[in-house]
Structures are given as C-alpha cells and as structure tokens.
Amino acid sequence: MTTSLYSDEELKKYRYLFCTKSKVASHYQAMADILELDGDDIEAECPDFIKRLIEKCSVLLRGTEDE
C-alpha cells in the first residue's frame, strides 16, 4: 500500500499556486529528498541564494533591517 505525502487539500493548493504545466513529479521528489535530510544537512546543502532569500524574508517579516 502506498501512502501519500500530501493530503488532497494540499494538492488542491499546489495546483492553485503553481503552474499545472510544470513537472509536478520533480517537485514531489525534491520535497521528499528534503524531508529525508537532517536540519544541519538542509542548511549545509542549501544554495547561498536561497539562504539570502530566507534571511531577507525574515528581515521583512520582523520589520527590521538587521543586515
């Protein structure tokens, strides 16, 4: 028996938020790969531009300029 990583509701949101012509299977595989990593591994493997994006989002959400 195969279990789904995502609920029907999550799949509906995915289809709404993302272009349905994209490679959905590759997105699922990427998420599955990320879920298998430890927190330290995620940080180590994260590309620098993603780290900068996350930091900028954090700054904007906090409403401060900690740069």
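The structure displayed is predicted, hence computed values, not measured ones.

Chemist: Explain the overall build of the protein residue by residue, including any values.
Modeler: Within the protein, the regular secondary structure consists of four helices and zero strands. Considering the protein as a whole, with its 67 residues, one finds that 7% of them fall into the buried category.

Chemist: How would you sum up helix H4 (residues 48-62)? Please name residues and give values.
Modeler: The α-helix winds at 3.6 residues per turn, so residues separated by three or four positions along the chain end up facing the same way. The first and last C-alpha atoms of H4 sit 21 Å apart over 15 residues, in line with the 21 Å expected at 1.5 Å per residue. Positive phi shows up at Gly63, right after H4, with a value of about 75°.

Chemist: Can you break down a nonpolar patch on the surface residue by residue, with the values?
Modeler: Together, Met31, Ile34, Leu37 and Ile42 make up a nonpolar patch on the protein surface, roughly 300 Å² of accessible area in all. Using a relative accessible area of 36% as the deciding quantity, one classes Ile42 as partly exposed.

Chemist: Explain the confidence of the model for the protein to me, using residue names and the numbers behind them.
Modeler: Looking at the protein as a whole, the pLDDT averages 78, with 78% of positions reaching at least 70. Of all secondary-structure elements in the protein, the lowest mean pLDDT belongs to helix H1 (residues 8-17), at 74, while H4 reaches the highest, 90.

Chemist: Requested: an account of the environment of Tyr28, with residues and values cited.
Modeler: Summarising the element assignment, Tyr28 is placed in helix H2 (residues 24-35). Separated by 23 residues in sequence, Tyr28 and Leu5 have C-alpha atoms that sit 8.6 Å apart. Ignoring anything within four residues of it in the chain, the contact list for Tyr28 reads Tyr6 and Leu11.

Chemist: Please give an account of a negative patch on the surface that cites residues and values.
Modeler: Negative charge collects at one region of the surface, where Asp38, Asp40, Asp41, Glu43 and Glu45 lie side by side. Position of Asp41 relative to the elements: it lies in helix H3 (residues 39-45).

What counts, and where the lines are drawn
Residues numbered from 1 in each chain as written. Predicted model: local features only at pLDDT ≥ 70, side-chain atom pairs only at ≥ 80, totals over all residues. Heavy atoms only, no water. Helix = DSSP H or I, 4+ residues; strand = E, 2+ residues; numbered from the N terminus. Buried < 20%, exposed > 50% of the residue type's maximum accessible area, 1.4 Å probe, protein only. Expected span 1.5 Å × (residues − 1). Patch = residues over 30% accessible without salt bridge, like charges linked within 9 Å, V, L, I, M, F, W, Y side chains within 5 Å. Areas by Shrake-Rupley, 256 points an atom, 1.4 Å probe, with all protein chains shown as cover. Salt bridge = Lys/Arg side-chain N within 4 Å of Asp/Glu carboxyl O. pLDDT = per-residue confidence, 0-100. Contact = heavy atoms within 4.5 Å. Lys, Arg positive; Asp, Glu negative; His and termini not counted. Charge placed at Lys NZ, Arg CZ, Asp CG, Glu CD.

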